[in-house]
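# Structural description and commentary
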Amino acid sequence: MKPVVVRNVVIGQGKPKICVPIVAATAEGILQAAKNMAEIPVDIVEWRADWYEDALQTDKVIWLAGRLREALAEKPLLFTFRTAREGGEKALPAREYEALNLAVVRSGFADMLDVELMTGDEAVMRIIEEAHRLQVRVICSNHDFFKTPPKEEMLGRFRKMQQLGADILKLAVMPQSKKDVLALLEVTLEMSEEAVNHPVVTMSMASLGLISRLVGETFGSALTYGAVGQRSAPGQPGARELAEVLEVIHRNLE
């Protein structure tokens, strides 16, 4: 796959990169978490803004994004407002969701943006076009917290992300059986070979799907999420343990 470079991080080459979400509710807690990132094996820091108590006040979001940018130094900042329909903490209508993401892109503080596929094709395209104009990379994402869709449906969602112009394609699903985990890994491999210009990111959630978060280098998932403290999704391993496992796998694949 063709890698995506964000600051000094190459996504889609070598070991899967580790993304650690910040899920604190207060500005103080968010900034403290950002300062702690210097001591953690993390490649990308995700601000899950839907956890922020003032997430619906755009001016406060932009102000805090600026402080995060300063605190993280050269670590890439991924801005994500995960809506309630995809497992997030707050509901946000599509128009307001688009406006918030556009404001963050235009602020210049975010290096990357997570945009939900199901927001609507036109809104997603507008966000992606503006992000690209300002050299912000876009992860187009879709989350199913109830099931693992059929393989063709998962592939279809990935292909739609490509059509809309995303840089990185992300799918997270909930397994009901071990066969669901295998299906997700099969789709990961197939899509990583098909979408040669787009790094693919996948995860099968909960403890049943934990293995999918570890074997990305084998099956083609370029990014994985590790927690420090509170987890932002079920089945997320600790960042330090995750880094150790990824390194063991990487060494033995060479």
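The structure under discussion appears in the preceding block.
Residues numbered from 1 in each chain as written. Predicted model: local features only at pLDDT ≥ 70, side-chain atom pairs only at ≥ 80, totals over all residues. Heavy atoms only, no water.

### A word on the pairing of strand β4 (residues 44–48)
The buried count for β4 comes to five of five residues, which makes it a mostly enclosed element. Alternating positions in β4 separate into two faces, Ile44, Glu46 and Arg48 on one and Val45 and Trp47 on the other, with burial throughout. Summarising the sheet, strand β3 (residues 17–22) and β4 pair through four bridges and their orientation is parallel. By the bridge assignment for β4, valine 20 is matched with valine 45. With respect to chirality, the unit in which β3 leads through helix α1 (residues 27–36) into the neighbouring parallel β4 is right-handed. Where β4 and strand β5 (residues 77–80) come together, four bridges link them in parallel fashion. Note on β5: the bridge partner recorded for tryptophan 47 is phenylalanine 79. Regarding the hand of the β-α-β motif, the stretch spanning β4, helix α2 (residues 58–72) and β5 is right-handed. (Buried < 20%, exposed > 50% of the residue type's maximum accessible area, 1.4 Å probe, protein only. Helix = DSSP H or I, 4+ residues; strand = E, 2+ residues; numbered from the N terminus. Pairing = 2+ DSSP bridges. Right-handed = clockwise from strand over helix to strand, strands pointing away.)

### A look at the pattern of salt bridges
The tally for this structure, following the rule as stated, stands at 21 salt bridges. For arginine 82, the salt bridge identified is with glutamate 116, shortest N-O distance 3.2 Å. Here arginine 82 is found in the loop between β5 and α3 (94–107), whereas its partner glutamate 116 is found in strand β6 (residues 112–116), with 34 residues between them in sequence. Judged by its relative accessible area of 0%, glutamate 116 is buried. Ionic pairing is found between aspartate 121 and lysine 160, a salt bridge with its closest N-O pair at 3.4 Å. Of this pair, aspartate 121 sits in helix α4 (residues 121–133) while lysine 160 sits in helix α5 (residues 151–164), and the two are 39 residues apart along the sequence. A relative accessible area of 27% places lysine 160 in the partly exposed class. (Salt bridge = Lys/Arg side-chain N within 4 Å of Asp/Glu carboxyl O.)

### Notes on the packing of aromatic side chains
In total, this model carries two aromatic pairs according to the counting rule given. Where tryptophan 47 meets tyrosine 52, the ring centres are 5.8 Å apart and the plane angle is 55 degrees; that geometry is what we call tilted. Grouping residues by exposure puts tryptophan 47 and tyrosine 52 together as buried. With a centroid separation of 5.7 Å and an interplanar angle of 80 degrees, the aromatic rings of tryptophan 47 and phenylalanine 79 are classed as edge-to-face. Of this pair, tryptophan 47 sits in strand β4 while phenylalanine 79 sits in strand β5; the two residues are 32 residues apart in sequence, bridging distant segments of the chain. In this structure, tryptophan 47 and phenylalanine 79 share a single accessibility class: buried. Taken together, the ring pairs in this structure connect Trp47, Tyr52 and Phe79 into an aromatic cluster. (Phe/Tyr/Trp six-rings, centres within 6.5 Å; stacked < 30°, edge-to-face > 60°.)

### Remarks on the environment of lysine 160
Taking C-alpha positions, lysine 160 is 9.6 Å from cysteine 140, a pair spaced 20 residues apart along the chain. Among all residues touching lysine 160, those that are not within four sequence positions of it are Leu117 and Asp121. A polar contact of 3.4 Å, which involves the side chain of lysine 160, links it to the side chain of aspartate 121. (Contact = heavy atoms within 4.5 Å. Polar contact = N/O pair within 3.5 Å; in protein donor to acceptor, adjacent residues only side chain to side chain.)

### Digging into the nonpolar core
Core analysis: the biggest nonpolar cluster contains 63 residues, and Ile22, Trp47 and Phe79 have the highest contact counts within it. The leading source of residues in this core is α2, at six residues. In this view, tryptophan 47 contacts Ile22, Ile30, Tyr52, Val61, Leu64, Ala65, Leu68, Leu77, Leu78, Phe79 and Thr80; residues no more than four positions away in its chain are not counted. (Core = buried A, V, L, I, M, F, W, Y, C linked by side-chain atoms within 4.5 Å.)

### A look at the sheet that holds strand β9 (residues 200–204)
What the eight strands build is an open sheet, ordered β9-β8-β7-β6-β5-β4-β3-β10; its pairing is parallel. Whereas interior strands pair on both sides, the edge strands pair on one side only; in this sheet they are β9 and β10 (223–225). The average undirected angle you get between the axes of adjacent strands in this sheet is 25 degrees. Relative to β9, strand β8 (residues 168–173) is paired through five bridges, and the arrangement is parallel. The residue bridging lysine 170 from the neighbouring strand is valine 201, located in β9. (Axes fitted to C-alpha atoms, helices over the stretch in contact; angles between N-to-C directions.)

### Some points on the side chain of lysine 170
Mapped onto the secondary structure, lysine 170 falls in strand β8. Aspartate 114 provides the closest opposite charge to the buried, unpaired lysine 170, separated from it by 4.1 Å. Residues contacting lysine 170, with those up to four places away along its chain left out, are Arg82, Asp114, Ile139, Cys140, Ser141, Asn142, His143, Phe158, Met161, Val201, Met203 and Tyr225. (Lys, Arg positive; Asp, Glu negative; His and termini not counted.)

### Description of α5
For α5, built from 14 residues, the straight-helix expectation of 20 Å at 1.5 Å per residue is met to within 8% by its first-to-last C-alpha distance of 20 Å. What α5 keeps buried is the set Met154, Leu155, Arg157, Phe158, Met161 and Leu164. Packing partners of the buried residues in α5 comprise α4, β7 (137–144), β8, α6 (178–194) and β9. Taken from the residues just after α5, glycine 165 is the one with a positive phi, measuring 100 degrees. (Expected span 1.5 Å × (residues − 1).)

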